[in-house]
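Understanding the architecture of this molecule
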Amino acid sequence: MKISEEIKALNLPDTLTFADGRPVTAENWEKRRREIIRIFEDNEYGHSPKGPFTVSGKVVSDRDNDYANKVLTEHCLVTSHDETEGVDFSWPVVLHTPKKALADGKCPLIVFINFRDQTPDSYMPVEEITDSGVAVAMIYYNDISKDEHDNWSTGVAALYDRAKYDWSKIGMWAWSMQRTLDYCMSLGRYDESRIGSLGHSRLGKTSLWNGANDTRFKYVFVNDSGCSGDAVTRHKTGETVEIISRVFPHWFNGVYRSYSDREDEMPFDQHMLVAAVAPRYVYGGTAVEDTWADPYSQYMSYYLANSVYAMLGMKTAEFPDRRPEINEVFAGPSCGYHMRAGAHFLSRYDWQRYIAVLTR
Ligand code: GCU
């Protein structure tokens, strides 16, 4: 069956039609993009504080001869001051910057949100990343607010009034990627045209929400994010809205749960969030054995995002009108997708594909 026919049968809300029925054009796309973000704020991830923020940082310890004298490693403590609410919050960031790239001029940077605070890490092959001329800024997500249904009592969650900000943990983690970028850009070393966002799984959902919101992220890499990330939710295999919002209620706002077993009635689906990154680059990494996430429903989102890039007059990716196969990589000029062999993981293979796009 053609993927376009599978998609048609789902009767998805149209990214290229405003909520009031007006058609979307290249001229009003930015307006539609904002409308899409609002829909996801209201229905899924909640409303995050909008600042303005003043962000500063200090280097707690550093080594300028890391990885055979090729890498500058800095362990930093970054602080965000919210000027509207008068709230201060600090968290650690580890920065690895290739010294050669620094000497040659500004280098690309990936802001990476991780499951662990160690470096290197099985999800972050530092030497390989920096050897490719890319810097990486790592945040440990539990430093921002614990991945627990803790009644919003830990980390940054405890500092903001819930009546005003119904933000979810995914919203908080995404917010920390943005504030980390504030700090990194203040250093004057990173190339603003090649800033990436990356996370895996629940943090892939976070990377997508982050990248859709903050247009400074020119490359949004979304690894194995699945349900409530980059997979079309309607009729996907594996995880559903009912399961995810029951098991992980803290990842979302209070409204999302009401769509349990009512996916067909949602005025949105995740393909719209993937498309909301356009005109910037969005890339989904998936794995064939990751049926919980559902690589085919993930593919649909990228396949559909192509119509937005086309409408904007941009070059599109060559996504075939069928399900993807193992090890197929479609790294198009404006959007990308791959389906790797194996299971749920953030592998070297995934990093290599993202880096190839960021540095080409
Ligand atoms: C669970 C959850 C997924 C999530 C994953 C992860 O499997 O159901 O939605 O992506 O955890 O973050 O590892």
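Up top is the structure these notes are about.
Predicted model, so just to flag it, every value in this text is computed and none were measured.

1. Quick word on the sheet that holds strand S6 (residues 190–200)
Ordered by their spatial adjacency, 10 strands build an open sheet running S1-S2-S3-S5-S4-S6-S7-S8-S10-S9, and the pairing between neighbours is mixed. On the outer flanks of this sheet lie strand S1 (53–65) and strand S9 (328–331), each paired with one strand and no other. Taking the axes of each pair of neighbouring strands and ignoring which way they run, one obtains an average angle of 20° across the sheet. Relative to strand S10 (residues 335–340), strand S8 (residues 281–287) runs parallel, the two sharing six bridges. Residue pairing across strands places Ala287 opposite Arg340, the latter belonging to S10. Each of strand S4 (107–114), S6, strand S7 (219–223) and S8 touches helix H7 (residues 202–213); the most contacted strand, S6, lies at about 145° to it. Along the sheet, helix H11 (residues 348–358) makes contact with S4, strand S5 (135–140), S6, S7, S8, S9 and S10, crossing S7 at roughly 165°.

2. Concerning the packing of aromatic side chains
Scanning the model with the defined rule gives 32 aromatic pairs in all. Taken together, a centroid distance of 5.9 Å and an interplanar angle of 90° make the contact between Trp167 and Trp175 edge-to-face. For the pair Trp167 and Trp175, a shared accessibility class is recorded, and that class is buried. Measuring from centroid to centroid gives 6.4 Å for Trp251 and Phe252, while their planes differ by 65°, and the two rings are edge-to-face. As far as the burial class goes, Trp251 and Phe252 line up, both buried. The structure contains a cluster of three or more aromatic residues connected by ring pairs, namely Phe40, Tyr45, Trp209, Phe248, Trp251, Phe252, Tyr256, Tyr259 and Phe268. For the cation-ring pair, Arg22 lies above Phe18, with the distance from its terminal atom to the ring centre recorded as 4.4 Å.

3. Things to note about the pattern of salt bridges
Applying the stated criterion across every chain, the model contains 26 salt bridges. We note a salt bridge from Asp20 to Arg22, for which the minimum N-O separation is 3.1 Å. In this structure Arg22 comes out as partly exposed when scored by relative accessible area, which is 38%. Between Asp66 and Arg63 there is a salt bridge whose closest N-O contact spans 2.9 Å. Overall, Asp66 belongs to the buried group, its relative accessible area being 12%.

4. Comments concerning the layout of surface pockets
Each pocket or cavity is described by its volume, and for the largest pocket that value is around 480 Å³. As for the largest pocket, its lining consists of 20 residues, and the residues nearest its centre are Ile37, Glu41, Lys50, Gln178 and Asn213. When residues of the lining of the largest pocket are traced back to their parent elements, those giving at least two are helix H2 (29–45), helix H6 (169–186) and H7. Examining the composition of the lining of the largest pocket, we find that six residues originate from one element, H2, more than from any other. Residue composition of the lining of the largest pocket, by class: seven nonpolar, five polar and eight charged.

5. Digging into the nonpolar core
By size, the foremost hydrophobic cluster in this structure holds 113 residues, and its most contacted members are Leu109, Phe112, Phe221, Val282, Phe319 and Trp351. With nine residues, H6 is the largest single contributor of residues to this core. If near-sequence neighbours (up to four positions away) are discounted, Phe319 is found in contact with Tyr299, Tyr302, Tyr303, Asn306, Phe330, Cys335, Gly336 and Tyr337.

Conventions we followed
Residues numbered from 1 in each chain as written. Predicted model: local features only at pLDDT ≥ 70, side-chain atom pairs only at ≥ 80, totals over all residues. Heavy atoms only, no water. Pairing = 2+ DSSP bridges. Helix = DSSP H or I, 4+ residues; strand = E, 2+ residues; numbered from the N terminus. Axes fitted to C-alpha atoms, helices over the stretch in contact; angles between N-to-C directions. Contact = heavy atoms within 4.5 Å. Phe/Tyr/Trp six-rings, centres within 6.5 Å; stacked < 30°, edge-to-face > 60°. Buried < 20%, exposed > 50% of the residue type's maximum accessible area, 1.4 Å probe, protein only. Lys NZ or Arg CZ within 6 Å of the ring centre and 35° of its normal. Salt bridge = Lys/Arg side-chain N within 4 Å of Asp/Glu carboxyl O. 1 Å grid on protein atoms, 1.4 Å probe; cavity = no way out; pocket = protein on both sides within 12 Å on 5 of 7 lines; lining within 4 Å. Points joined across faces, edges and corners; volume = space filled by probe spheres on them. Nonpolar A, V, L, I, M, F, W, Y, C, P; charged D, E, K, R; others polar. Core = buried A, V, L, I, M, F, W, Y, C linked by side-chain atoms within 4.5 Å.

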